[in-house]
Amino acid sequence: MLKTCALFAALLCLSTVTHASADCKPAPLGDATIYLRGNLNQWVAQDEHAFEYRCDAYYLNLSAQGPQEFKLADESWTARLSVGADANNQPSLGANTNLRRDFSGEHTLRLSFDSAGAPQLQIGPKSFTPTPPQPVTDRAVLTARFDSRSSTYKTPFGAQPRGSEFTFRVTSDMPGLQRATLVVERRRLSGNQEQIAYEPLVRIAMTPTSHGRGTSFSARYRFDDLGVYGYWFELVTAEGRYALQNNKDTVYWTREKGSMGAGTVERLPDSPARVRRYRQTIHAPDFKVPAWARDVVYYYVFPERFRNGDKSNDPRPGGGRPQDRYQDRDVERHATWNEKPFKPGTGDGSDALYNNDFFGGDLAGLIEKLGYIKSLGANAIYLTPVFRAPSNHKYDAADYKQIDPAFGTNEDFVRLCDEAAKLGLRVIPDTSLNHVGSDSPYFNRFNNFPAGGAFDGGKINPASPYASWFKFKPEERNPDRQYQGWVGVVDLPEIDKDSPSFRAYAYRDKDSVTNYWLDRGAAGWRMDVAPWVPDDFWREWRQAVKAKKPDALTVAETWFDASKFLLGDMFDSTMNYIFRNAVLDYAAGKPARETYANLELLREAYPSQALYALMNLLSTHDQARALHHFGYLDDGNAQALKLAKQRLRLALFFQMTYPGSPTIYYGDEVGLAGGDDPYNRAPYPWADEGGQPDEALLADFRRLTGLRHELPVLRHGSLSAPLHLDDHVVVLARQDGQSWALTATNNSPQARSVTVTLPFRTGRLRDALGGETLVVKDGRVQLSLPPLFGRVLLRQ
């Protein structure tokens, strides 16, 4: 890895570069804005990580610590504008591999291009002075106000059904605001945010009325079609034109900035693409989510690592069975249950392949532990894929209609659903309809199946019944380049989702994959990598699901703002990664004002029926576990572990008292730790397998899931803006009919006390977890909050 200290001497004194230099050249990438996109910003194009072109190169000041992976690219990941790494970790245009560098504080990055057009990246101490934005000095504009969450400025609030009419209002406290225009645009988002565009729809001249010394402007607009829309306001004064627009808050995993609420004013940018739109969700009037969804507590299982209930089906090298082979070689088998997962290149004795090591978890083990899952307080099980596939994660499907032999049989799946139902547990399976495995009868690259795959033995087979499922490039000589692997992974051939044959197999046929498992007890579906699949596919798929089982739940895997998927024509819910990051960061000590803004965005952007059904995550199989996020690195540091577990209790408290479906990733409840994949997929530490589950932490999980089940107001209660929000404390009021509850959390290591005004009448508040009863005086109450935890207070 190239160390930054070796580059310091190579960096020029950037602060002396000026636009007037005789050596200045036009920007080699034209008008494109280039961003640093990597693990430090969830790979999102963010303004604070945008390079500025200055005379002869692109410059960016960056604050970062430790090793980082990233690319340099525009907002749309345009190949000719993207800089990755070559085989030597040097910058290369269009390369798929991430650049890797070490950082140690404040740096300046300099991106230039040599005479042949090859990119050059230098990293050194911070020395660049960016061009400051042109200040806004017009007092009429500086006092202009709009707040999308205030009924003074916008009604009705939040996502609304098709046909709703909205009233918008802008005010200015000082004279001089001559005109205000409401600009409404249709938002177009495709793929994994690669393409975001706004198409002009209407410009409405707002009607002025007097407002003290200033002016108030108002306008109405009716939204007659489903979709996500953008809107903003163009303001005109004697000094120029301005945009009253969304704020600059960063939204986790989301390319567009702005958490909505109070607006900001800037000079009208040269390019409309630079305007930060407010977003308005318009959903189907008949959008219904299964009624049971808002009462769900999920237990989220990675089956290969949960419990081994049948050792006879364990994958083993040289066994000669399908589960004993990984593509063209033997699998790796762990000698003991509590070992760490293998990771190539770490010196753990494993081979060079990822995802081919096995512990033996299966459906029999899951059935054996259904009573445990029920006792935890879960009432639904989300399973990562269990269908036949060579890998341990099973997202490389080899047979969508067969349970993997290492997990059991189709009859075992039926038995799982039946036994779970007896305990009041639903089962939600998972699969990808975006890609299959290269080692599958559909593709058959390794000839492990009878002839008939679309790529038998590494050769294109036009006669295959699956040929239309894939797009091939016969002109390429390298087999790896003759087809498109999902995000460049050749083990995962991407499906042509427009193929009528594949659509029939996936959901149109009577015995389609979708129907097959619904008929065998599945309560719904979680769909992998939903953004990579066309919208019209999901619209048809949803109709098929609901026709087969009207109360089936449909869950998308999305990480960013998923509004477009929650309009009533695609999905009921999504994996809520925005919630995950907001709550983990809050529990880790980040200011509540910053993190909670993300949750306020969701409250405004998502239809309420979807908001109350969101799969609210803390840990997942695709991100480091919560304890790792809280600073425990699985290194035996007892003090770090103790603090991390208390922060986990705080995050759990927030999760269990907030709208949505709390989701417990297996093992979190007993202190299972682990960093990024594969360590986040370690086996559950069963005591009878030599593990050491934390029984005290488990008891706390049970207490808080029990509290959620005991109090319908926590599951069904309304949610408004916080009663109190500062850097440490969040106080929310929840109403369900005549029932009221306050939920209050504190992320400080010290106790905190705040006073709030109640939105309901009562003389006393009872602590739902057994604490002291609080006296209310003149509608106000003082809340004393313990460090790194919270309280639920009920109206008496």
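Data block above holds the structure.
As a starting point, this report considers the structure included with it.

The rules behind each value
Residues numbered from 1 in each chain as written. Predicted model: local features only at pLDDT ≥ 70, side-chain atom pairs only at ≥ 80, totals over all residues. Heavy atoms only, no water. Helix = DSSP H or I, 4+ residues; strand = E, 2+ residues; numbered from the N terminus. Buried < 20%, exposed > 50% of the residue type's maximum accessible area, 1.4 Å probe, protein only. Contact = heavy atoms within 4.5 Å. Areas by Shrake-Rupley, 256 points an atom, 1.4 Å probe, with all protein chains shown as cover. Lys, Arg positive; Asp, Glu negative; His and termini not counted. Charge placed at Lys NZ, Arg CZ, Asp CG, Glu CD. Pairing = 2+ DSSP bridges. Disulfide = S-S within 2.5 Å. Axes fitted to C-alpha atoms, helices over the stretch in contact; angles between N-to-C directions. Polar contact = N/O pair within 3.5 Å; in protein donor to acceptor, adjacent residues only side chain to side chain.

**Regarding the overall build of the protein chain**
A count of helices and strands for the protein chain gives 14 helices and 42 strands. With respect to the principal axes defined by its C-alpha atoms, the protein chain has extents near 85 × 75 × 55 Å. Here the protein chain holds 796 residues, and 58% of them are scored as buried. In the protein chain, the proportion of contacts linking residues at least 24 apart, taken out of those at least 6 apart, comes to 69%. Summed over all atoms, the accessible surface of the protein chain reaches about 31,200 Å², with 48% contributed by carbon and sulfur. The centroid of the 94 positive side-chain charges in the protein chain is displaced by 5 Å from the centroid of its 95 negative side-chain charges.

**Quick notes on the sheet that holds strand 34 (residues 661-665)**
If you trace the nine strands from one edge of the open sheet to the other, you get 28-25-20-34-33-32-31-30-29, paired in parallel fashion. Both outer strands of the open sheet, strand 28 (426-428) and strand 29 (430-431), are each paired with one neighbouring strand and no more. Two strands pair when backbone bridges link them, and strand 29 and strand 30 (residues 524-527) are joined in this way by two bridges, in the parallel orientation. Its bridge partner lying in strand 30, Asp 430 is registered against Arg 526.

**Some thoughts on the state of the cysteines**
When the sulfur atoms of two cysteines share a covalent bond, that bond is a disulfide. What the rule picks out here adds up to one disulfide. At a sulfur-sulfur separation of 2.0 Å, the disulfide partner of Cys 24 is Cys 55. Its S-S torsion of about -110° marks the bond between Cys 24 and Cys 55 as left-handed, since a negative value means left-handed. Pair noted here: Cys 24 is in the segment before strand 1 (35-38) and Cys 55 is in the loop between strand 2 (52-54) and strand 3 (57-73), with a separation of 31 residues, a long-range link. Given the relative accessible area of 27%, Cys 24 is considered partly exposed.

**Some thoughts on the sheet that holds strand 35 (residues 724-725)**
Here six strands make up an open sheet; going across it, the order is 35-36-37-42-39-40 and the pairing antiparallel. If you trace the sheet from one side to the other, it starts and ends with strand 35 and strand 40 (774-775), each paired once. Its contacts with the sheet place helix 12 (residues 638-656) against strand 37 (739-746) and strand 42 (789-795), and it is angled at close to 30° to strand 42.

**Observations regarding the side chain of Gln 323**
Among the structural elements, Gln 323 can be located in the loop between strand 20 (298-301) and strand 21 (325-326). From its side chain, Gln 323 meets the backbone oxygen of Asn 313 in a polar contact 3.4 Å long. Here Gln 323 is in contact with Asn 313, Pro 315, Val 331, Asp 404, Pro 405 and Ala 406, once residues within four sequence places are set aside.

**Focus on the environment of Thr 152**
Turning to its location among the elements, Thr 152 is positioned in the loop between strand 8 (144-145) and strand 9 (154-155). Owing to a relative accessible area of 42%, Thr 152 belongs among the partly exposed residues under this scheme. With 591 residues separating them along the chain, Thr 152 and Thr 743 place their C-alpha atoms 27 Å apart.

**So, the pairing of strand 3**
Where burial is concerned, most of strand 3 is hidden: twelve out of the 17 residues are buried. Where strand 1 lies against strand 3, four bridges are found, and the strand directions are antiparallel. Across the sheet, residue Arg 37 finds its bridge partner in strand 3, namely Lys 71. Here strand 2 folds back onto strand 3 in antiparallel fashion, the turn holding two residues, of which Cys 55 has a positive phi close to 75°. Relative to strand 6 (residues 99-113), strand 3 runs antiparallel, the two sharing 13 bridges. For Tyr 59, the partnering residue across the bridge sits in strand 6 and is Arg 110.

**What about unusual backbone geometry?**
In this structure, the amide linkage connecting Thr 155 to the following residue, Pro 156, adopts the cis form with an omega of -5°. With respect to the helices and strands, the residue Pro 156 is situated in the loop between strand 9 and strand 10 (160-161). Going from Asp 677 to Pro 678, the amide bond is cis rather than trans, its omega being 10°. Relative to the helices and strands, Pro 678 is located in the loop between strand 34 and helix 13 (695-710). Backbone geometry places Trp 77, a non-glycine residue, at a positive phi of 55°. Positionally, Trp 77 belongs in the loop between strand 3 and strand 4 (83-85).

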